[in-house]
Amino acid sequence: MISPFQLHRPKTIEEACALLAQYGEQAKILAGGSELILLLKMNLAAAAHLIDIKGVAGMDTIRFEPESQALKVGGLVTHRSLETSRVALEHFPLLVEMENQVANIRVRNIGTLGGNLCFAEPHADPGTLLTAFGARIKVRSTHGERLLDIRDFFVDYYQTALERDEILTEVEIPKLPANWSGAYLRFCPGERPSVAAAILMQWADGTCADARLTLGCVGPKPVRIPEVEVALRGKAAGEILAEGVNIGTKMSDACDPPADIWGSVDYKRQIVKTLVSRGLQKCVRDA
Amino acid sequence: MSTTIGKHVERFDAREKVTGKSVYTGDIKLPGMLHGKVLRSYLPHARIRRVDVEDAVAMPGVVAALTRDRLPIASPYYGSFVKDQPVVALDKVHYAGEIVAAVAAEDEAIAEEALKRISIEYEELPAVITIEDALNKDAPLVHERLEKKPAVFGRGMKSIEHDGSNIYFHVQYERGDVEDGFRSADFIFEDSFFSAANQQYPLESQIAIVDFNGEDFTIWSATQSPFRIRDEIAGLFKVDSKRVRVVIPYLGGGFGAKSVIGAEAVAATLSYMSKRPVRVAFSADEMFKTICQPAAKMIIKTGVKRDGTIVARRSEIYLNSGAYSNSVSSIATKSCYRAHGPYRIPNVTTDAYAIYSNTVPAGAFRGFGGHQTAFAIESHTDMLAHRLRVDPVEFRLKNLLEKGEEYAAEDTPIDCDVKDLLRQLSRAIGWTPEDRKPQQTTTKRTKGVACVVKDGGGTKKEANAIVKVQADGRIVLICGTVEIGQGSSTALSQVVAEQFSCPAEMVEFATIDTAYTPYDTATNATSGVFTMGRAVLQAAQDARDRMLSIAAMALDTSELSLENGKIVCRGKAFNFQEVLHGTEIVGTGECKFDRNEQIPIGYPTPFWEIGLGAAEIEIDEMTGDIRILKFRSITDVGRIINPLHCRGQEEGGILFGIGQTLLEELVYEDGRLINPNLTDYRLPRFRDLPDSLVSVIHEEEEIVGSYQPKGSGESGILAVSAAVCNAIYNCTGIRMLDLPVKRENVWKAMHSIRE
Amino acid sequence: MDAVVIPIHFRLNGENRQAEVRTHELLIDFIRDRLDLTGTKRSCDIEICGACTVILDGKAVSSCSIFAYELDGKELTTIEGLAQGDKLHPLQEAFIERGGFQCGFCTSGMILLAKTLLDQKPNPTRKEIQHYMDANICRCTGYQMILESIMLAAEKMTGKPA
């Protein structure tokens, strides 16, 4: 059962940051609660103070900023809002496709993108795709704002680069220029994805000009495999299709998935190989 | 022309359940009710050196604390076959999750906090987890010798004692001479199969409220066995059973998880100590640690002739009973009896063993071992056919028992034309002889069939029923079949309504209360509609006949008929109350089975539960993922009482089968369950529904006696695993011998064949 | 500084209500124990099974994992709020007609989840229903009869066959 706590409901981000600075270790940030409330119920976390930031102004919008050509998603945007957002669909259909698969509709209705990223659960979807997108994470404290590359944001299992007194306010997703095709695939035998792959490929005259291959759920955080990305540059679509399985093998060899009840290390590698080769096929098809 | 039998009648509990008004045990609040919480061992096998609850008891709001040192019961053991399970651990804990202490407090939060203040000192002991561990020559004993009920069988079946072993029950069935049979065979094949322990997972976990007022116990419980609970609690406290009253609200599912003591013993003891009502509700996590289905290993050795005739079969079945016996000795008995399947085999020897281990106690699970033996038998049957290069369907048709043929000496003959159903099934799935050849293309789609028959209706089940016609004309059915979701209240009421030629809505199903409900063994074994149905039929006929006698006298004629809920005489229609003039009618009925020493189990099989299934599957070669594209099932229910119920039971059972085959497995590490929750224990969901699922409910015309309906509570699950595994073989040439079938194992097997 | 007890104003099944809740009180406990509406059920307690599903501001949510104070300023629909007196909601009628329930423990959550689907998409295809409803677990029915119940309800509500 959850122990009583002091509840704070700040109306502005400044107020929220001030509260977090004031209560430090004793406080936890509550957004949707789909992870935190479970931890509190199971006594895996405790908080004398809960700072409910859902009332904070300006953190629940999705907008595309033409000047920066970036989609700006407020930290409090729910998975469901993102999933059904016309703006997101127009600029990032793959993002919408991914969000549609997160957990289940009940969790998507209240779970937030910010909360999901801050929890840094390795078996989660958004982080993998956002890493492929090269997203940036804006965080704020009483000392000011920082913008982190998502690759620096994720540190380890359930650990991010957030300082004790920082709150994630926004996720920035830079739009990919034209001629990109992408795929997000996941292997989910249980409740949470066991393996995930996000692939983005830029094409020029039927040849791969650039590629971003990210694996998720196979380690403490999503990981890009630069050697493979570099090797794909300059390859023709047909070549990539023919070598799909080999590329998948290279990706699976480059990662170190942990064994668990959903599979041995070898099997997880096989899944990586499969998702990558299928993802490449889709990218070539959609080019 | 039936009035309600075979018709869709709105379920009695329908409006209540869709509006949230149906009352389950957890919805009941009693004044002054305390909340009980339980502390569980994290070690699988350990001596308890010290239990200290002083800090817990000192907390304000804590009213009672139960430990081995604070136990107001002289002999605190319960159990159906062996009284081996204590209310709270005494000198040892026998599995990780066993109850070591309990508290009752004014609210849940205090109770939970109190548990944190209990300290226990353990001395760890070596534990045995698997069947192999437990049977090892040097295996530590889970229990020292305990007093058992004598197991009495009939001809051909006997129990064999083992001393100094974790085998606490061994039953053997023999007919003919199996060695002779093997000598006469042209080929002998032996295969070994394993199915993992599963969790029944009814959505409602075990829960009980007990109110001890200083003299009597009143128990509200989500139990499938009201009278067994009454007798166990009475036994624990050494009081007459009339001092224990069990009242049954609606159950949120059972599937066997609620067949024996769950939360009742702890709740009763806490109430006894505090003299206040106590509610003990197990969480889902606790339910995983209370009961499961036994993991089962089955070895089948069959001798066949060149022409495909089966001549001999020797089987061995090993059941992992977990830390306590529960009903696994019965599962062993039934598994033993089911091992030769619905085939004509003159020479059979089967040995079934129930084995203790330091794991969650096993017990009844939908299928009661039948689905586990079915996996082995029907996989093995296909394997025999393939080795003989015979079509698996043809091979079965050659050896299947005919309608009217004996399953075992003196027992009820097979009551349906299984061969005809198998032919129907193969047509339904589109089976052709080509279907048994491995596919050449890369999209791997193939079919598999399985044909299962198991004894249905329970053994020596006793059912009693009362039908009252009250002075106000209302008909009330009083019987102990628990509404666990299967629709029994409605179906049995339809049986009554049929006798009175009245709409089913005129019949009321009384709340089950052991104070006045006549004795019923329990709700299990697909016995509701058949066994209790007969008692109900008899009671309804009795009440109807009595009412018609009174009517005859009142109306001065014997030319009466019943139509549409009224008594019709000389063109005039009378309501029942008009004719009764303030009298009440009570009709009684029973269904009991006489012992017959010639029958192996000692009692006749009430009916044969039929489960045929065929699957068309597709395998993803790169991941080993199996998708069931089409599933067709056929069951025979004798006579349909309520079509929607039959289909619901069958399809629900099929999804259980899909869980058993592809998804569900209890996993242990270091002697404890690592997946006692839905995050890591994978139940079937909407996404697991086959693309096309059709269940055919067959009605065989005449069966045993004049009362026709059988039952199908467990038929759906029976054929799924073998049908799917046979399809996997037909596609890949790979035989899956373990359940659940893991994608990884499919992939590995296909991968190694490729190399 | 907020107190440990919070006053809330909300709409419950169409009626204005107010209450005082403790900060750590969960919505499911508030509904079952304080509002005495026991139609909402607790099963897995970890947001997976959906037995505890209620509708909050039009969205299906897991009441086992939301705080009661979140009700403030919002509209809550529980299963008890679906029928209008004796008149059942078409979903409730359809579940009865097509056998969409057996033990009933998942039913409240299942019906409410289905309502949120039909409110957003009045004529979903069978595949769409299957994908959306995959959120909730039933152990009794085998799911097919639930799908058929929802399709019938859609037909009843829109007059168009599924």
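Each value, and the rule that gives it
Residues numbered from 1 in each chain as written. Chains lettered and ligands numbered in written order. Predicted model: local features only at pLDDT ≥ 70, side-chain atom pairs only at ≥ 80, totals over all residues. Helix = DSSP H or I, 4+ residues; strand = E, 2+ residues; numbered from the N terminus. Rg over C-alpha atoms; globule rule 2.2 N^0.38 Å. Contact = placed C-beta atoms within 7 Å. Nonpolar A, V, L, I, M, F, W, Y, C, P; charged D, E, K, R; others polar. Pairing = 2+ DSSP bridges. Axes fitted to C-alpha atoms, helices over the stretch in contact; angles between N-to-C directions. Domains from an automatic or database assignment. Buried ≥ 20, exposed ≤ 12 C-beta atoms within 10 Å, placed from the backbone. pLDDT = per-residue confidence, 0-100.

**Quick look at the overall build of chain A**
When helices and strands are tallied, chain A shows 13 helices and 14 strands. The C-alpha atoms of chain A give 19 Å as radius of gyration, which agrees with the globular expectation for 287 residues (19 Å, within 12%). By its C-alpha atoms, chain A is 60 × 45 × 30 Å across when sized along the principal axes. Counting only contacts in chain A whose residues sit at least 6 apart along the sequence, the fraction spanning at least 24 positions is 64%.

**A short note on the interface of chain B and chain A**
The extent of an interface is frequently quoted as the accessible surface area lost upon association of the parts. Counting residues at the interface gives 14 residues for chain B and 11 residues for chain A. Elements with a minimum of two residues in the side of chain B that touches chain A: α3 (108–116) and α19 (743–754) of chain B. Taken together, the residues of the side of chain B that touches chain A break down into 5 nonpolar, 3 polar and 6 charged.

**Notes on the sheet that holds strand β10 (residues 167–174) of chain A**
Residue and element names in this part refer to chain A. Ordered in space as β4-β5-β10-β6-β7, the 5 strands form an open sheet in which the pairing is antiparallel. With one partner strand each, in any of the chains shown, β4 (62–65) and β7 (144–149) form the two edges of the open sheet. On average, each strand axis in the sheet is tilted by 25° relative to the strand beside it, whichever way the strands run. Of the pairings in the sheet, the one linking strand β6 (residues 136–141) to β7 comprises 6 bridges and is antiparallel in character. Residue pairing for β7: S141 is matched across the bridge by G144. Those strands touched by helix α1 (residues 13–23) are β6 and β10, and its axis lies near 125° from that of β10.

**Description of the domain arrangement of chain B**
Residue and element names in this part refer to chain B. Partitioning chain B into structural domains gives domain 1 (30–125 + 203–253 + 257–288), domain 2 (295–458 + 600–754) and domain 3 (461–591). Using C-alpha coordinates to define each centre, domain 1 is positioned 38 Å away from domain 3. Put simply, the parts of the chain that give the side of domain 1 that touches domain 3 at least two residues each are α6 (226–237) and β14 (244–248).

**Here's the deal with unusual backbone geometry**
Residues L739 of chain B and P740 of chain B are joined by a peptide bond in cis, for which omega reads 0°. Of note, P740 of chain B is situated in the loop between β33 (738–739) and α19. You will see that N43 of chain A, though not glycine, has its phi angle at about 60°, which is positive. At C217 of chain A, a residue that is not glycine, the phi angle is positive and equals roughly 70°. Take C217 of chain A: it is sitting in the loop between β13 (207–216) and β14 (223–224). Using a count of 28 C-beta atoms within 10 Å as the deciding quantity, one classes C217 of chain A as buried.

**Section: the environment of C140 of chain C**
Mapped onto the fold, C140 of chain C is located in the loop between α4 (126–133) and α5 (144–158). Given 31 C-beta atoms within 10 Å, C140 of chain C falls into the buried group. With 39 residues separating them in the primary sequence, C140 of chain C and F101 of chain C have C-alpha atoms 7.6 Å apart. Beyond its immediate chain neighbours, meaning those up to four positions away, C140 of chain C contacts G253, G485 and G652 of chain B together with Q102 and C103 of chain C.

**Topic: the interface of chain B and chain C**
Facing 40 residues of chain B, the contacting portion of chain C comprises 38 residues. Among the elements of the structure, α1 (14–18) and α16 (643–663) of chain B are those that each provide at least two residues to the side of chain B that touches chain C. Looking at the side of chain B that touches chain C, the element that brings in the most residues is α16 of chain B, giving 7 residues. Looking at side-chain class alone, the side of chain B that touches chain C contains 17 nonpolar, 13 polar and 10 charged residues.

**Details of the sheet that holds strand β25 (residues 566–569) of chain B**
In a beta sheet, neighbouring strands are held together by backbone hydrogen bonds and run either parallel or antiparallel to one another. Residue and element names in this part refer to chain B. Taking strand neighbours across the sheet as the criterion, the 3 strands line up as β24-β25-β26 in an open arrangement whose pairing is antiparallel. In this open sheet, the two edge strands, each paired with only one partner strand, are β24 (561–563) and β26 (572–574). Each adjacent strand pair in this sheet contributes to an overall mean axis angle of 40°, direction not counted.

**A short note on the domain arrangement of chain A**
What the domain assignment lists for chain A is domain 1 (6–55), domain 2 (62–174) and domain 3 (180–285). A C-alpha centroid distance of 37 Å is found between domain 1 of chain A and domain 3 of chain A.

**Brief notes about the pairing of strand β1 (residues 34–40) of chain B**
Residues and elements named next belong to chain B. In terms of burial, β1 is a largely internal element, 6 of the 7 residues being buried. Bridge count for β1 against strand β15 (residues 278–281) is 3 bridges, and the pairing is parallel. Within β15, the position partnered with G36 by the bridge is V280. Direction of pairing for β1 relative to strand β7 (residues 99–105): antiparallel, over a ladder of 6 bridges. What sits directly across from G36, in β7, is A104.

**Thoughts on the confidence of the model for chain B**
The predicted model of chain B has a mean per-residue pLDDT of 93, with 97% of residues at 70 or higher. In the model output, the complex is listed with pTM 0.97 alongside ipTM 0.97.

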